[in-house]
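The residues making up each chain are set out below.
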Amino acid sequence: MTAADAPARRRIGRHRALSRGLTYLVATLMALFVLVPIYLITVSAVTPRENAFDYPRQLVPSSISFDTIIFFINASGVQDAFWRSVVVALITLVLALVIGAPAGYALARYAFRGREGYRLTVLSTRAFPIVILAIPLAVTYLRLGINDTVYGVALMHTALALPFTVLITSSVFASVPRELEEAAQTLGCTPLQAFRRVSLPLALPGLAAAAIFTWVISWNDVFAAVILTLRNPTLPAKILSALTQSPIYYQFAAGFVMLLPSIVVIFFIRRYLLGLWGRVVK
Amino acid sequence: MARRLGWAPYVLLVPSLVYLLLFFAAPMFQAFGLALQDPAGNYSLTSIERMLRDVNFSNALVTTLALVVLVLPLQLVLAMAMALVVNAKLKGSGLWLFVFAIPLGISELAAGIVWVSVFTQRGWLNSVLQNLGLIDRPIVWQSAESMWLLITLVVIAEAWRATSIIMIILVAGLQSIPPEFLEAAEVYGAGTWQKVRRVMLPMLRPALLVALVLRTILAFQVFATVIALAGSGLHVLAGEARLWATSIDNDNVAAAYAAVILVLSIVSTIAFLWLLPVREEQQI
């Protein structure tokens, strides 16, 4: 480097700093776009009921109260619907893992004929419209007598979640070194023992993330639940059908109650997010 | 990868295959069957004709297509900006990723209600405009008279809710670009914009394809956001399917609507595959 290079280097340095500053600006704007509406629904939900119709609204609330949220929770049918949603999500989670995780393990560990075909089938079902599944299933459920039950909804949610479970668990098992399992077998474990004692414990955090994601898919579904239930709706189905006849503060509290667990869940699975959705490019 | 080839993998796959057969393949054929029957169960085009003559059909089709066409480019730009930010490895890049990913867990219905709090007459948008002195009385944003205003509101809510999914796919795509490529571009004097345009975008093609296909198919099913924000002011295909399946109790016409969504999904997927061909070595 000679002295003559110095201005050029300074210019590049300035350019770098500028583009860095610009990146921070874009980052902040995008973060605000995501976070401000969440802040606003939160303020809306904790505004005292007697101030619900104040205008203009104050961005920083002068008093906070949970009576709107309590009013929503105590509204008729809400608690039943909430527990139904929890039960549906739990059944979905268990079914999807029990059926999907073995397939994920097979994809990660074995080379076999038809492997690519299976993978592509699963990939394409991931993008399948729910709308077309729910309507014929409603007809079938009526015939089987499981219409308007948590089991019917959970079976449908399992179908929605299964492609994800298979792909996620396969990436989780792929990240556990096969050599460890093989070492355990050389030391006298049967393949099943090697899986249970070595791979499974190592895969557990990833499997938990997969389970949580499955739970979110079920918790968030509105369409299938609206089609498949009538008198026994899940929470989103209940809220949707109450939407038009309910006061606006009921809606705000409902939106907030549905939103809160989602944020917590994303926080817990944040390390696995890229694996959940991102494994599309080898 | 090659380990003892045998029956083991097939045994592990069977439960999921059976499940997908029962809950994906069977309902799909059944849906087409229902669409091609009249309510009495005889095969005819009555249900399809009934859908086509339905007062809301063309309205629902146009609105759904408009929503897809408007929201997709917006989401692509936003997601790309977010993905580049995450990829730039700023301080706390994990935190940025988390914040951008939050909407991934938010349901359509909750997202719709969040934006109701913004756009309702005594809502946040009017409050802010009023406090700034820009308006002297609240504007009716959710007006059933203006279809395009309602569509704009839904587009904003959908862009907020469903951009994360594209962002995540793009981040994964960006991370798979070998750093040497970008370094080489820098050596040859490429600026930030040139690196994005000449190196990243071409290398991102497979990720973009997946993101576009997935997001388009999901956008064709838009439903709860519309109901929350527009009530009965807007008609969309999935909403009509729900109406026919529940209030009107005619599963055949409902299935016909669902079939339209499936056909649109397939056509759009083929169109994207044709527009953005992915070379053999880049395949998913």
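So, how was this worked out
Residues numbered from 1 in each chain as written. Chains lettered and ligands numbered in written order. Predicted model: local features only at pLDDT ≥ 70, side-chain atom pairs only at ≥ 80, totals over all residues. Helix = DSSP H or I, 4+ residues; strand = E, 2+ residues; numbered from the N terminus. Buried ≥ 20, exposed ≤ 12 C-beta atoms within 10 Å, placed from the backbone. Contact = placed C-beta atoms within 7 Å. Domains from an automatic or database assignment. Nonpolar A, V, L, I, M, F, W, Y, C, P; charged D, E, K, R; others polar. Axes fitted to C-alpha atoms, helices over the stretch in contact; angles between N-to-C directions. Parallel < 35°, antiparallel > 145°, perpendicular 65-115°, else oblique. Left-handed = near helix turned anticlockwise from the far one by under 90°. pLDDT = per-residue confidence, 0-100. Core = buried A, V, L, I, M, F, W, Y, C linked by C-beta atoms within 7 Å.

### Here we look at the overall build of chain A
Regarding its fold elements, chain A presents 12 helices and zero strands. Ordered by position in the sequence, the α and β elements of chain A form the string α-α-α-α-α-α-α-α-α-α-α-α. The principal-axis extent of the C-alpha atoms belonging to chain A is close to 75 × 65 × 35 Å. Burial analysis of chain A (282 residues in total) assigns 44% to the buried set.

### Points about the overall build of chain B
Broken down by element type, chain B carries 13 helices and zero strands. In chain B, the succession of α and β elements from N to C terminus is α-α-α-α-α-α-α-α-α-α-α-α-α. The dimensions of chain B, computed from C-alpha atoms along their principal axes, are 75 × 70 × 30 Å. Within chain B, the fraction of its 284 residues that count as buried is 45%. Look at the contacts in chain B between residues 6 or more apart in sequence, and 71% of them connect residues 24 or more apart.

### With respect to the environment of B:Arg215
Here B:Arg215 lies in helix α10 (residues 205-220). Beyond its immediate sequence surroundings of up to four residues, B:Arg215 is in contact with B:Leu72, B:Gln75, B:Ala162, B:Ile165 and B:Ile166.

### Things to note about the domain arrangement of chain A
Each domain of chain A was delimited in the assignment, giving domain 1 (5-67) and domain 2 (77-278). Partitioned by chemical class, the residues of the side of domain 1 of chain A that touches domain 2 of chain A number three nonpolar, two polar and one charged.

### Considerations on the interface of chain A and chain B
Listed per partner, the contact involves 77 residues of chain A and 88 residues of chain B. Tallying contributions element by element places helix α1 (residues 5-46) of chain A first for the side of chain A that touches chain B, with 14 residues. Each residue belonging to the side of chain A that touches chain B can be placed in one class, and the counts come to 62 nonpolar, 11 polar and four charged.

### What to know about the packing of helix α7 (residues 147-175) of chain B against α10(B)
Residues and elements named next belong to chain B. It is the contact of α7 with α10, at a shortest axis distance of 9 Å, that shows an interaxial angle of 165 degrees. With respect to each other, α7 and α10 are oriented roughly antiparallel. When the axes of α7 and α10 are compared, the crossing they make is right-handed. Only Pro206, Ala207, Val210, Ala211, Leu214, Arg215 and Leu218 of α10 make contact with α7, whose side of the interface consists of Ala162, Ile165, Ile166, Ile169, Leu170, Ala172 and Gly173.

### Section: the confidence of the model for chain B
Averaged over every residue, the pLDDT of chain B is 89; residues scoring 70 or more account for 96%. With pTM at 0.89, the complex prediction returns an ipTM value of 0.89.

### A short note on the nonpolar core
For soluble globular proteins, nonpolar side chains are generally found buried alongside one another. Of all hydrophobic cores here, the largest spans 174 residues; its most connected members are A:Ala134, B:Leu170 and B:Ala258. Residue assignment places this core across two domains, with domain 1 (5-67) and domain 2 (77-278) of chain A each supplying three or more. In this structure B:Ala258 touches A:Val131, A:Ile132, A:Ile135, B:Ala31 and B:Ala241, once residues within four positions along its chain are discounted.

### Focus on the environment of B:His235
Residues and elements named next belong to chain B. Its place among the elements puts His235 in the loop between α11 (224-230) and α12 (237-245). C-beta crowding within 10 Å serves as the criterion here: with 22 such atoms nearby, His235 is assigned to the buried category. In sequence terms His235 and Gly191 are 44 residues apart; their C-alpha atoms lie 46 Å from each other. Leaving out residues up to four positions away in the same chain, His235 has contacts with Asn56, Asn59, Ala60, Thr63 and Glu240.

### Overview of helix α10 (residues 235-242) of chain A
Here α10(A) lies mainly inside the structure; six of its eight residues are buried. Every buried residue of α10(A) is accounted for by A:Leu235, A:Pro236, A:Ala237, A:Lys238, A:Ile239 and A:Leu240.

### A short note on the packing of helix α3 (residues 57-87) of chain B against α10(B)
All names here are of chain B. Closest axis-to-axis distance for the α3/α10 pair is 9 Å, and the angle between their directions is 145 degrees. The handedness of the crossing between α3 and α10 is right-handed. Here Thr64, Leu67, Val68, Val71, Leu72 and Gln75 of α3 come into contact with α10, specifically with Arg215, Thr216, Ala219 and Phe220. A class-by-class count of the residues in the contact of α3 with α10 yields six nonpolar, three polar and one charged.

### Side note on unusual backbone geometry
With the exception of glycine, the majority of residues adopt a negative phi angle, and the majority of peptide bonds are in the trans configuration. Residues A:Tyr55 and A:Pro56 are joined by a peptide bond in cis, for which omega reads -10 degrees. Along the polypeptide, A:Pro56 turns up in the loop between α1 and α2 (67-74). If you check the backbone angles, B:Lys89 has positive phi at about 55 degrees while not being a glycine. A positive phi is found at B:Asp249, a non-glycine position, where the angle reads about 60 degrees.

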